[in-house]
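Given next are the chains, with one letter for each unit.
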Amino acid sequence: MATFGVPEHIRSDNGSEFIARTIQQGLKGHQIKTLYIDPGSPWQNGYIESFHSRFRDECLNREWLLNLREARIVIEDWRQHYNKKRPHSRLGYISPKKFMLNQKVSSQVGQNG
């Protein structure tokens, strides 16, 4: 939020992690609206369903998180790996970081060429 600002809304499914009272209160505190997809309709939010699956398989299902501090550390480590090192098929099997660097170089070449 510090970099890109507060989103107008967050679209999610109706899973327990997204309808939890604490999450709802946190979103409300930042004036972020919640938009829920229809129950049993994951295709309405397909781009994030893939992420959720990977997040569960590669991070949450592999860890036994005993407290909030530990959860923050484990999730941040996974996030850094996901964004900086893990190859993504949608990006031609390179990491998002490498993809962004390639985009920056391409745009600079286009401006200078």
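What this report covers is the structure whose coordinates are included nearby. (Residues numbered from 1 in each chain as written. Predicted model: local features only at pLDDT ≥ 70, side-chain atom pairs only at ≥ 80, totals over all residues. Heavy atoms only, no water.)

## As for the overall build of the protein chain
- Along the protein chain, the regular secondary structure elements total 5 helices and 2 strands.
- Starting at the N terminus and walking to the C terminus, you meet the elements of the protein chain as β-α-α-β-α-α-α.
- Of the contacts made within the protein chain by residues no fewer than 6 positions apart, 36% connect residues no fewer than 24 positions apart.
- Taken as a whole, the protein chain presents about 9100 Å² of accessible surface, with 55% of it coming from carbon and sulfur. (Helix = DSSP H or I, 4+ residues; strand = E, 2+ residues; numbered from the N terminus. Contact = heavy atoms within 4.5 Å. Areas by Shrake-Rupley, 256 points an atom, 1.4 Å probe, with all protein chains shown as cover.)

## Some remarks on the nonpolar core
- Phe55, Cys59, Val74, Trp78 and Tyr82 form the largest nonpolar core, which has 5 residues in total.
- The residues contacting Tyr82, other than those within four sequence positions of it, are Phe51, Glu58, His88 and Pro96. (Core = buried A, V, L, I, M, F, W, Y, C linked by side-chain atoms within 4.5 Å. Buried < 20%, exposed > 50% of the residue type's maximum accessible area, 1.4 Å probe, protein only.)

## Quick word on the packing of helix α3 (residues 46-58) against helix α4 (residues 68-84)
- Remark: α3 packs on α4, axes separated minimally by 11 Å, with the N-to-C direction vectors making an angle of 125°. For the element pair α3 / α4, the angle class is oblique. Remark: the crossing between α3 and α4 carries right-handed chirality. Touching Phe51, Arg54, Phe55 and Glu58 of α3 are Ile75, Trp78 and Tyr82, all from α4. (Axes fitted to C-alpha atoms, helices over the stretch in contact; angles between N-to-C directions. Parallel < 35°, antiparallel > 145°, perpendicular 65-115°, else oblique. Left-handed = near helix turned anticlockwise from the far one by under 90°.)

## Regarding the pattern of salt bridges
- Under the definition given, this model contains 2 salt bridges.
- The salt bridge involving Arg86 is made with Glu58; its shortest N-O contact spans 3.0 Å. Of this pair, Arg86 sits in the loop between α4 and α5 (96-112) while Glu58 sits in helix α3, placing them 28 residues apart in sequence.
- For Arg86, a relative accessible area of 13% gives the class buried.
- Assessed through its relative accessible area of 25%, Glu58 is described here as partly exposed.
- One salt bridge connects Arg79 with Glu76, and the closest N-O pair in it is separated by 2.8 Å. (Salt bridge = Lys/Arg side-chain N within 4 Å of Asp/Glu carboxyl O.)

## Looking at the environment of His9
- Considering the arrangement of structural elements, one finds His9 in strand β1 (residues 9-12).
- On the basis of relative accessible area, His9 is assigned to the partly exposed category, the value being 34%.
- In this structure, His9 is in contact with Ile32, Lys33 and Leu35, ignoring residues within four places of it in sequence.

## Overview of unusual backbone geometry
- Located in the positive-phi region is Gln31, a residue other than glycine, with phi close to 55°.
- Residue placement: Gln31 occurs in the loop between α2 (21-29) and β2 (33-36).
- Backbone geometry at Tyr93 places phi at a positive 60°, although glycine is not the residue there.
- Turning to its location among the elements, Tyr93 is positioned in the loop between α4 and α5.
- What makes Tyr93 exposed here is its relative accessible area of 62%.

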